[in-house]
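The chain contents come next:
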Amino acid sequence: MLAVVGTVPDDNFPLLEGRAEFCTSGLRVQGKDIEVNRGTPALLATTCIMLQILNQDPPYAFLAGDTGLGHGSLRLYKHLEQHLAEHVLGTLVFHYLQPDVDWHCRVLMAAQNLDSSPTLIADAGFMYAAKMSGQSQEYDLFTPDAGELAFLADEKAPHPFYTRGFILSEQNRVPDLIAQAYLHSNAAKYILVKGKADHVADASGVLATVDSPVSEAMEAIGGTGDLLTGVVSSLIQSGMKVPAAAELAARISRTAGELSCPTPASQVLDILPFLSQAWERIGEPWRRRTDELSDHAGYDYPGCSV
């Protein structure tokens, strides 16, 4: 089972957990309707669609309302520490949560103490907390954008607010920032850097770069990074290895964006319906190719270019 942990930008939103569903009427968890525009709701809606495409069980959600003061995040941290052991998880995705080093460590320990260790993915606030706690390497995948990567690369910054200016000014030097993040053990086993070009990397360096198709209007659409994190999480849950899933997710997300013919006024909701077409165009050929290659004894398919 894939589980998503995150917050909804509404202080009146209750703490809840349960299966998520997404249909024409929108996103719903435990009978609660949730607006999808960006953030954790966008990621969760994406996983609902992708897991259905991949013939996987629907995602499970752990959610709380939080507009940035941290009260909902704290309730969610406490709930996870107490109840995470009640679930069998294949992939666990941590998203928008107020960074808290102590509570991060408690929740990470709860995840690591599960009978079967899930693949651990962190984005946004929880990724910050992982780096601040010195436990980045306990994760299988981080999904930063270039600005977040600059924080990971700054070994002296205790918080994103204190990322040094000269590092922030070098956001176009993504491979250098990746190397710096790994040099100081501030990155997960793999990272997927989201941007004009998407980069998949590990401690050895950049493994793949995806820079097409390009839709300039996508730069103005909030939530596209959340969509990409949802796609890669779903592919990993389906059984794909992390680096191949990351490259394929970048290609699928870009293709879905292109198919949606976006404008600067578009929303992430306008892209979600095109994930199925993007899978048929990109994912199915990849799967057929890897099935053919797997027939050759000893062949370990290194990537997912099609």
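A brief structural summary.

**With respect to the pairing of strand β6 (residues 91-94)**
Then comes step 1: By the alternation rule, side chains of β6 split into Thr91 and Val93 and Leu92 and Phe94, which are all buried.
Then comes step 2: Sheet topology places strand β1 (residues 2-8) next to β6; four bridges connect them, and they run parallel. Among the inter-strand pairings, leucine 2 is bridged to a residue of β6, identified as threonine 91.
Then comes step 3: Where β6 and strand β7 (residues 119-122) come together, four bridges link them in parallel fashion. For leucine 92, the partnering residue across the bridge sits in β7 and is leucine 120.

**Observations regarding the sheet that holds strand β8 (residues 141-142)**
Then comes step 1: Strand order in the open sheet formed by 11 strands is β4-β3-β2-β5-β1-β6-β7-β8-β9-β10-β11, with mixed pairing between adjacent strands. What marks the edges here is a single partner per strand, and that holds for β4 (32-34) and β11 (205-210).
Then comes step 2: As defined by bridge partners, strand β10 (residues 198-202) adjoins β11 across five bridges and the pair is classed as antiparallel. Considered in β11, the bridge of histidine 199 is made with threonine 209.

**Points about helix α1 (residues 39-53)**
Each α-helix turn comprises 3.6 residues. Residues three or four places apart therefore point the same way.
Then comes step 1: The first and last C-alpha atoms of α1 sit 22 Å apart over 15 residues, in line with the 21 Å expected at 1.5 Å per residue.
Then comes step 2: Most of α1 is tucked away, with 14 of its 15 residues classed as buried.
Then comes step 3: Just beyond α1, the residue with positive phi is asparagine 55, at close to 60 degrees.

**What to know about the packing of aromatic side chains**
Then comes step 1: Applying the stated criterion across every chain yields a total of seven aromatic pairs.
Then comes step 2: Seen in terms of ring centroids, phenylalanine 126 and tyrosine 139 are 6.4 Å apart; in terms of plane orientation they differ by 75 degrees. Their pairing is edge-to-face. Within this pair, whereas phenylalanine 126 is found in helix α4 (residues 124-132), its partner tyrosine 139 is found in the loop between α4 and β8, the two being separated by 13 residues in sequence.
Then comes step 3: Among the residues examined, phenylalanine 126 registers a relative accessible area of 0% and is labelled buried.
Then comes step 4: Residue tyrosine 139 is classed as buried on the basis of its relative accessible area, which comes to 0%.
Then comes step 5: Grouping aromatic residues by their ring pairs yields a cluster made of Tyr77, Phe94, Trp103, Phe126, Tyr139 and Phe142.
Then comes step 6: When the ring centre of tryptophan 103 is taken as origin, the NZ or CZ atom of arginine 106, which lies over that ring, is 4.2 Å away.
Then comes step 7: Geometry around phenylalanine 151 places lysine 131 over its ring, the cationic atom sitting 4.0 Å from the centre.

**Topic: the packing of helix α5 (residues 146-153) against helix α7 (residues 174-183)**
Then comes step 1: Across the interface, α5 lies against α7 with an axial gap of 8 Å and an inter-helix angle of 40 degrees. Where α5 crosses over α7, the two elements pack in a sense that is left-handed. For the pair α5 and α7, the contacting residues are Leu149, Ala150, Leu152 and Ala153 in the first and Val174, Leu177, Ile178, Gln180 and Ala181 in the second.
Then comes step 2: Grouping the amino acids of the contact of α5 with α7 by side-chain chemistry returns eight nonpolar, one polar and no charged.

**Observations regarding the packing of helix α8 (residues 224-237) against helix α9 (residues 242-259)**
Then comes step 1: One can describe the packing of α8 onto α9 by two numbers: an axis separation of 8 Å at closest approach and a directional angle of 135 degrees. One element, α8, and the other, α9, form an angle in the oblique class. You can see that α8 and α9 cross each other, and the crossing is right-handed. Here α8 contributes Leu227, Leu228, Val231, Val232, Leu235 and Ile236 to the contact with α9, which in turn contributes Val242, Ala245, Ala246, Leu248, Ala249, Ala250, Ile252 and Ser253.
Then comes step 2: Grouping the constituent residues of the contact of α8 with α9 by class yields 13 nonpolar, one polar and no charged.

Rules behind the numbers
Residues numbered from 1 in each chain as written. Predicted model: local features only at pLDDT ≥ 70, side-chain atom pairs only at ≥ 80, totals over all residues. Heavy atoms only, no water. Buried < 20%, exposed > 50% of the residue type's maximum accessible area, 1.4 Å probe, protein only. Helix = DSSP H or I, 4+ residues; strand = E, 2+ residues; numbered from the N terminus. Pairing = 2+ DSSP bridges. Expected span 1.5 Å × (residues − 1). Phe/Tyr/Trp six-rings, centres within 6.5 Å; stacked < 30°, edge-to-face > 60°. Lys NZ or Arg CZ within 6 Å of the ring centre and 35° of its normal. Axes fitted to C-alpha atoms, helices over the stretch in contact; angles between N-to-C directions. Left-handed = near helix turned anticlockwise from the far one by under 90°. Contact = heavy atoms within 4.5 Å. Nonpolar A, V, L, I, M, F, W, Y, C, P; charged D, E, K, R; others polar. Parallel < 35°, antiparallel > 145°, perpendicular 65-115°, else oblique.

This is a description of form; function is not addressed.
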